[in-house]
Every structure is written in C-alpha cells, then in structure tokens.
Amino acid sequence: MAQAHWFLRSLFFLGVTLFAWQPASDAQSRGWELCNETSFIVQVATGRPEGGGTVVNGWTKIRPGSCELLLDGQLTPGAHYMFAQSSNAHRGGRKSWRGDERLCVESSSSFTIENPPDCHVMGLDERAFKPVLIENRTAWKNTIRETDSYNLRRARAAGVQRLLGDAGIYTGAIDGHIGPRTRTAIRQFLEDRELARDTSDDDLIDILEQVALDRARNVGLTLCNRTDGRIWSAIGRRRGEDWESRGWWLLEAGGCARVIDEPLLQTEHFVFGELEDPDGGVPRVLSRGSDVFCIARSKFAIIGREDCEAAAYRRALFASTPAPTERKLVYEFFERDFAEPGEG
C-alpha cells in the first residue's frame, strides 16, 4: 500500500555519508531491514553467508524516508554485506555507501548470484561492500544517512526537493522543510502533467525519478567508466572570459556521472581521470592529455589555469572531448586511455 502522502496534504491544506546500525525495534518485523534517511533514492545490494560462500542479491530500491526488507524471514547471525548507491536520476554523479569487501554484482538488472572468485571472468562488475554483523536471528535494522541529519519524515521531504531539482523544476534549498516554494513546485508539476492532487508520495517520487532520468539522457556532459577499476574524474571548460577546472567525480567500474547539468552551448570541454590501482599503488593517469588545468587533492572548483603551483594546486594534462551533439555529450574512459605508472 502506498504510504500516506503527508506533504501533499500539507500542500493543499496549508497552501560523501554515514552508516548507523542497530537492532530492529519492531517486534512484528522479521528479517533484515534498511531505512533510508537520505535525500536520495538508493539501490541496495546485499551479501549473505550460505554454505561456504556468499550469495549476493540486488537491487532493492528504497525511496527517501522509507524502509524496506533486504532479507525476509529468519536470519543467520554473522557477517553480512551491503552496498548502496544513489539513483542515476540524481545530478552530480552517483553517491555510494560502501566498505572494503569486494563482491560481484550485475549492474544492469536484478540478480542473485553465488559470488565467484573472479567477477570479470563471469562478465560481472565488482563493488566494495560494507560488512554488517547481524546478531539476531529474528530481526535486524540498519540505517543509511547523509552528513546532514534527517529523520525519515524530513528525508522524504528532502528527497522530493532533490528530485524536483533533478527534474529541472525547482532551484530552492534541499533542507527537508516543505515551504511555499516547494509546495508551489509540486503543485505546478502535478498540474502540468495532469496528475491527481491526491497522488501518493511514492507515486510522486517514482514519477519525478523518471522525469529526471529522461532529462539526464538529453542534456549536459556525462562521464562513463568503461574500465574494471574506479576512476576519479575532473573536467575543464570556459566560464565567462576565463577557464574553470572542477572535480572530483568518482566513477565506479561501469558507472557514469552527469557532471554538467545544463545544455552544452560551446565546443571546448576537457576531461581528466586517474584510474585507481586495486592494490593501493600509484594510480594510472590519463595518457593523452594536452591542455594544462589546475587540480587539487580534495573536491575543487578552480578559476584560471595559470601558475597552478603558486596557488598551491597541481598541474594536470586534460584531454579535449569531441564536440557536443544536440547540446549533449557522453565521454567514455577506457583502459587503453591510461598510462602505466611512470609513463607519459
């Protein structure tokens, strides 16, 4: 049954990430439950012990401010695993809630697999799962949270605000408070699509997600990782009369991130990437870069591309992209694009 549409009632009557782990408090629940206290729609994969190995299941969709059963029925106490990632509908690249345990997943569909020793031989992708120690056979509950602290009610409201922004409808704050600006955006969205005023929260979130996904496919610059490793990516472009470099976006193996959210009105765009060494060694750098931009070790947005070292930044060679087509562009990183450490 759809959840009560509490913020829609208020609309018409009133005008990167933390984990938390705790036993389930609801005596009626059975199984492993996960609550989403973030402003993102998340997709969750789990690993459970079975026999001498691990069985991995995915994907369970959890809307902002909702809880879902990951495993139903009696649990096996011991180490389980969880990986969560935000929906592709959200701007700015996928967020992930992760750990260090490497397990196999099927990225493009729902799946159940006995985890093999080599993911890539089986045509599967690899993700870093977080261990979860389950201590109760009957019920266990975990929560994923953002740095901003939301309860379930505020997470749901913040999730709608975020999706309205992702769909290009709303430019206000994502704070979990449904004020006049948010109410106006929701009302206009429902009217424009001839949706009922009593549309449930769940239906509204699902419709907004689809609108945002459609928009993401038709606007801006998207970076995609076609390697078996993780890539930290950055972009360079003109901003007014000057140049700007911006990063970092983490691209999981097989993953993509939309890094520019508006139509591409000019042809000069540049990209940079560092491919992680799975053993923690020196990363491999994009080999065919030709244009200097400045980068920093943490998240950055730098205006100008001269005298990087004097401003305590690093120099990096960015590669130029093809020209956009119909004001959008998808740029793909391949294994062959990265030099071995010490080369280049």
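Everything below is about the structure printed above this text.
Everything numeric here is computed off the predicted structure, so don't read it as measured data.

Rules behind the numbers
- Residues numbered from 1 in each chain as written.
- Predicted model: local features only at pLDDT ≥ 70, side-chain atom pairs only at ≥ 80, totals over all residues.
- Heavy atoms only, no water.
- Pairing = 2+ DSSP bridges.
- Helix = DSSP H or I, 4+ residues; strand = E, 2+ residues; numbered from the N terminus.
- Axes fitted to C-alpha atoms, helices over the stretch in contact; angles between N-to-C directions.
- Buried < 20%, exposed > 50% of the residue type's maximum accessible area, 1.4 Å probe, protein only.
- Contact = heavy atoms within 4.5 Å.
- 1 Å grid on protein atoms, 1.4 Å probe; cavity = no way out; pocket = protein on both sides within 12 Å on 5 of 7 lines; lining within 4 Å.
- Points joined across faces, edges and corners; volume = space filled by probe spheres on them.
- Nonpolar A, V, L, I, M, F, W, Y, C, P; charged D, E, K, R; others polar.
- Core = buried A, V, L, I, M, F, W, Y, C linked by side-chain atoms within 4.5 Å.
- Salt bridge = Lys/Arg side-chain N within 4 Å of Asp/Glu carboxyl O.
- Phe/Tyr/Trp six-rings, centres within 6.5 Å; stacked < 30°, edge-to-face > 60°.
- Lys NZ or Arg CZ within 6 Å of the ring centre and 35° of its normal.
- Parallel < 35°, antiparallel > 145°, perpendicular 65-115°, else oblique.
- Left-handed = near helix turned anticlockwise from the far one by under 90°.

**Re the sheet that holds strand E15 (residues 256–260)**
Here is step 1: An order of E15-E12-E21 is seen for the 3 strands of this open sheet, with the pairing classed as mixed. Lying at the two open borders of the sheet, with one neighbouring strand each, are E15 and strand E21 (328–333). Pairwise comparison of adjacent strand axes, ignoring direction, gives a mean angle of 25° for this sheet.
Here is step 2: Note: strand E12 (residues 220–225) against E21, 6 bridges, orientation parallel. The partner of Leu221 across the bridge, within E21, is Leu329.

**With respect to unusual backbone geometry**
As a rule of thumb, non-glycine residues mostly have phi less than zero, and peptide bonds are mostly trans rather than cis.
Here is step 1: Here the amide bond leading from Gly58 into Trp59 is cis, since omega sits at -5°, within 30 degrees of zero.
Here is step 2: Residue placement: Trp59 occurs in strand E4 (residues 53–62).
Here is step 3: Even without being a glycine, Glu194 presents a positive backbone phi close to 55°.
Here is step 4: By relative accessible area, which is 75% here, Glu194 ends up exposed.

**Digging into the environment of Thr222**
Here is step 1: Among the secondary structure elements, Thr222 is positioned in strand E12.
Here is step 2: Sequence separation between Thr222 and Pro263 is 41 residues, and the spatial gap between their C-alpha atoms is 11 Å.
Here is step 3: When neighbours within four sequence positions are excluded, Thr222 is seen to be in contact with Ala216, Cys256, Ala257, Arg258, Leu329, Val330 and Tyr331.

**Observations regarding the layout of surface pockets**
Here is step 1: The volume enclosed by the second largest pocket comes to roughly 670 Å³.
Here is step 2: For the second largest pocket, the lining is made up of 35 residues, of which Asn88, Arg94, Gly255, Cys256 and Ala257 are closest to its centre.
Here is step 3: Every element with two or more residues in the lining of the second largest pocket is listed here: strand E6 (78–86), helix H4 (201–216), E12, strand E14 (242–251), E15 and E21.
Here is step 4: Residues of the lining of the second largest pocket, tallied by class, amount to 12 nonpolar, 16 polar and 7 charged.

**Side note on the nonpolar core**
Here is step 1: Formed by 18 residues in total, the largest nonpolar core has its most connected members in Leu221, Leu223, Ile235, Val259, Val271 and Phe333.
Here is step 2: Looking at this core, the elements with two or more residues in it are E12, strand E13 (231–239), E14, E15, strand E16 (269–275) and E21.
Here is step 3: Those residues in contact with Val259 that sit more than four places away from it in its chain are Leu221, Leu223, Ile235 and Trp249.
Here is step 4: If you look at the next biggest cluster of nonpolar residues, it comprises 16 residues, including Phe40, Val44, Ile62 and Leu71.

**Points about the pattern of salt bridges**
Here is step 1: On inspection of all chains with the given rule, the structure shows 23 salt bridges.
Here is step 2: In this structure, Glu33 and Lys141 form a salt bridge, with 3.7 Å as the shortest nitrogen-oxygen distance. Of the two residues, Glu33 is situated in strand E2 (residues 31–37) and Lys141 in strand E11 (residues 139–145); the sequence distance between them amounts to 108 residues. Exposure class is identical for Glu33 and Lys141. Each is buried.
Here is step 3: A single salt-bridge network, built from bridges that share partners, covers Lys61, Arg63, Arg156, Asp202, Asp206 and Glu209.

**Section: the packing of aromatic side chains**
Here is step 1: According to the stated counting rule, one finds 13 aromatic pairs in the structure shown.
Here is step 2: Between Phe40 and Trp97 the ring centres are 6.3 Å apart and the planes differ by 65°, which places this aromatic pair in the edge-to-face class. On the criterion of sequence distance, the pair formed by Phe40 in the loop between E2 and strand E3 (42–50) and Trp97 in strand E7 (residues 96–97) is long-range, its members being 57 residues apart.
Here is step 3: Judged by relative accessible area, which is 4%, Phe40 ranks as buried.
Here is step 4: Residue classification places Trp97 among the buried residues on the basis of a relative accessible area of 1%.
Here is step 5: Their ring planes at 75° and their centres at 5.9 Å tell us that Trp59 and Phe111 sit as a pair that is edge-to-face. Of this pair, Trp59 sits in strand E4 while Phe111 sits in strand E9 (residues 111–114), placing them 52 residues apart in sequence.
Here is step 6: You can call Trp59 buried: its relative accessible area is 16%.
Here is step 7: Residue Phe111 is classed as buried on the basis of its relative accessible area, which comes to 9%.
Here is step 8: One aromatic cluster in this structure is built from Trp243, Trp248, Phe270, Phe272, Phe293, Phe300 and Phe318.
Here is step 9: In this structure, Arg305 packs its charged tip against the face of Trp243, placed 4.6 Å from the ring centre.
Here is step 10: Positioned above the aromatic ring of Phe334, the side-chain terminus of Arg336 is 4.3 Å from the ring centre.

**With respect to the packing of helix H2 (residues 152–166) against H4**
Here is step 1: The contact between H2 and H4 brings their axes to 8 Å, and the two run at 30°. For the element pair H2 / H4, the angle class is roughly parallel. For the element pair H2 and H4, the recorded crossing hand is left-handed. Here Arg156, Val160, Leu163, Leu164 and Asp166 of H2 lie close against H4, whose contacting residues are Asp201, Asp202, Leu204, Ile205, Leu208, Glu209, Ala212 and Arg215.
Here is step 2: Residues of the contact of H2 with H4, tallied by class, amount to 7 nonpolar, no polar and 6 charged.

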